[in-house]
Amino acid sequence: MNIVLLGAPGAGKGTQGDRIGAHYGIPKLATGDVLREAARQGTPLGLEAKRYMDRGELVPDAVILGIMKEALARPVAANGVVLDGVVRTVPQAEGLERVLGELGRRLDVVLLFDVEEEELVRRLSTRTVCERCQAPYTGRESGSACDKCGSRLVRRADDEPEAIRKRMREYREKTGPVIDWYRARAEAGGDAAPRIVMVDAVGEIDAVTQRVLDALSR
Ligand code: AP5
């Protein structure tokens, strides 16, 4: 199964993406994680991407399409993949359809996470993440240890108020049209059209996971 997760910053794409991947035994590809790791390692791609990310702006489509193409061709992704934040603009949605088509595959589901902006800001303002494995935490101090790998928890540069506002604006202006693009695809029907599933992503994390898995199994 190939699944795209769409949702505003802080909607829980990363949290639920790990669980969906574990449930179906397929890997998660999160472009944000790939770019942050490249920035941490100081590669040219990472340093270029960091300038956009720290300001809360989207990284250019060409960079994302390159990451997407390379990741989808890996043998580990042959049976399906959870795409977390990989599609944020219409050119990226078109690019994903093209790349999957070249591999003889198609997108099965677009999963939309529904959360009010006030709750998103609350989550992001109190989030820390592991600097190595990028696991997110709420209400845990910077400098404490990650439960999963023992590395240090840090605040993300783009979780400061100014960058959060910018990310929300980018989401409304550039990712909003992607949802409309997929809806139009679904209405037109045809082989390449994915199923669109909207999930209420507010409440206990386990309860949201259950809602997601129920919706995917229908
Ligand atoms: P990315 O890392 O993907 O950031 P994002 O989309 O802004 O999403 P977040 O990681 O902030 O949130 P999330 O939805 O994963 O929520 P999480 O599970 O952490 O991208 C960062 C940047 O990279 C972009 O701004 C851009 O610059 C660049 N980029 C990446 N992909 C790109 C692309 N395709 N095109 C262009 N640029 C790209 O949860 C948030 C918090 O809430 C956590 O603390 C979590 O513990 C908590 N939480 C989760 N669920 C719940 C719940 N149900 N109740 C309470 N708390 C919860």
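Look above for the structure.
Along each chain, the written sequence defines residue order, and numbers are assigned to residues from 1. Totals for whole chains, interfaces and linings use all residues, but because this is a predicted model, local features are given only for residues with pLDDT of at least 70 and pairs of side-chain atoms are given and counted only at 80 or more. Excluded from the side-chain calculation are hydrogens and water; included are all heavy atoms of the structure.

### Notes on the site of the ligand
Line of reasoning, step 1. Throughout, near means a residue has at least one heavy atom within 4 Å of the molecule or strand. Taken together, 34 residues form the shell around the ligand, and within it Thr15, Glu57, Arg88, Arg127 and Arg167 come nearest.
Line of reasoning, step 2. In the analysis that follows, any N or O atom pair within 3.5 Å is treated as a polar contact, provided that within protein one partner can donate a hydrogen and the other can accept it, and provided that, for residues neighboring in sequence, both atoms belong to side chains. Between valine 59 and the ligand, the recorded distance is 3.0 Å, taken from a backbone N or O atom to a nitrogen atom.
Line of reasoning, step 3. Glutamine 92 is positioned with one of its side-chain polar atoms (N or O) 2.9 Å from a nitrogen atom of the ligand.
Line of reasoning, step 4. Relative to its free-state accessible area of 1000 Å², the ligand is covered by the protein chains to the extent of 94%. Calculation of accessible area relied on Shrake-Rupley with a 1.4 Å probe; when residues are assessed, cover is drawn exclusively from the protein chains displayed.

### Comments concerning the packing of aromatic side chains
Line of reasoning, step 1. What counts as a ring pair is set by centres within 6.5 Å for rings of Phe, Tyr and Trp (its six-membered ring), and what kind of pair is set by the plane angle: stacked under 30 degrees, edge-to-face over 60, tilted for all other angles. For the coordinates displayed, the defined rule picks out one aromatic pair.
Line of reasoning, step 2. Arranged with centres 5.1 Å apart and planes meeting at 75°, the rings of tryptophan 181 and tyrosine 182 form a pair that is edge-to-face. Of the two residues examined, tryptophan 181 and tyrosine 182, each falls in the buried class.
Line of reasoning, step 3. A ring is considered to have a charge above it if a Lys NZ or an Arg CZ atom is located within 6 Å of its centre and within 35 degrees of its normal. A cation sits over an aromatic face here: arginine 55 above tyrosine 52, 5.8 Å from the ring centre.
Line of reasoning, step 4. Its end group placed over the ring of tyrosine 137, arginine 140 keeps NZ or CZ at 4.7 Å from the ring centre. Exposure classes here rest on a 1.4 Å probe applied to the protein chains alone. A residue is buried below 20% of its type maximum, exposed above 50%, and partly exposed in between.

### Let's talk about the pairing of strand S5 (residues 127–130)
Line of reasoning, step 1. Runs of E in the DSSP output that reach at least two residues are strands. Runs of H or I that reach at least four are helices, and both are numbered from the N terminus. Side chains Arg127 and Val129 project from S5 onto one buried face, and the interleaved Thr128 and Cys130 project onto a second face that is buried too.
Line of reasoning, step 2. Bridge count for S5 against strand S6 (residues 136–138) is three bridges, and the pairing is antiparallel. When the bridges of S6 are listed, valine 129 appears paired with proline 136. By definition, two strands form a pair when at least two bridges between them are found by DSSP.

### Structural notes on helix H1 (residues 13–24)
Line of reasoning, step 1. Here H1 contains 12 residues, and its C-alpha end-to-end distance of 16 Å stays within 8% of the 16 Å for a straight helix at 1.5 Å per residue.
Line of reasoning, step 2. Here H1 has its buried residues at Lys13, Gln16, Gly17, Ile20 and Gly21. The arc that holds every buried residue of H1, seen down its axis, measures 140°, which confines them to one face.
Line of reasoning, step 3. Any two residues having at least one pair of non-hydrogen atoms within 4.5 Å are treated as being in contact. Close packing links the buried residues of H1 with strand S1 (2–6), strand S2 (28–30), strand S3 (81–84), strand S4 (109–114) and helix H8 (205–217). In a helix, the anticipated span is given by 1.5 Å times the number of residues less one. Along the arc lie the directions from the helix axis toward the C-beta atoms.

### Details of the packing of H1 against H8
Line of reasoning, step 1. Helix axes are fitted only over the stretch in contact, all axes being lines through C-alpha atoms; the angle between N-to-C directions runs from 0 to 180 degrees. Running from N to C, H1 and H8 cross one another at 50°; their axes reach a closest spacing of 10 Å. When the axis of H1 is compared with that of H8, the two are oblique. In this structure, H1 crosses over H8, and the sense of that crossing is right-handed. Residue-level inspection shows Thr15, Gln16, Arg19, Ile20, His23 and Tyr24 of H1 in contact with H8, the latter providing Ile205, Asp206, Val208, Thr209, Val212, Leu213, Leu216 and Ser217.
Line of reasoning, step 2. Residues were grouped as follows: Ala, Val, Leu, Ile, Met, Phe, Trp, Tyr, Cys and Pro as nonpolar; Asp, Glu, Lys and Arg as charged; and all remaining residues, including Gly, as polar. Of the residues that constitute the contact of H1 with H8, the class distribution is seven nonpolar, five polar and two charged. Put simply, angles under 35 degrees are roughly parallel, angles over 145 are roughly antiparallel, angles from 65 to 115 are roughly perpendicular, and the rest are oblique. In this scheme the handedness of a crossing depends on how the near helix is turned from the far one: anticlockwise by less than a right angle means left-handed, clockwise means right-handed.

### Let's talk about the pattern of salt bridges
Line of reasoning, step 1. When a carboxyl oxygen of Asp or Glu is within 4 Å of a side-chain nitrogen of Lys or Arg, the pair counts as a salt bridge. Under the definition given, this model contains 25 salt bridges.
Line of reasoning, step 2. Between arginine 140 and aspartate 147 there is a salt bridge, with the nearest N and O atoms lying 3.3 Å from each other.
Line of reasoning, step 3. Of the residues examined, arginine 140 reaches a relative accessible area of 27% and is grouped as partly exposed.
Line of reasoning, step 4. For aspartate 147, a relative accessible area of 60% puts it in the exposed group.
Line of reasoning, step 5. Where lysine 174 meets glutamate 170, a salt bridge forms, and the shortest distance between an N and an O atom there is 3.0 Å. A residue pair is termed a helical-turn pair when its members lie 3 or 4 positions apart in one helix, as lysine 174 and glutamate 170 do in helix H7 (residues 161–188) at four residues.

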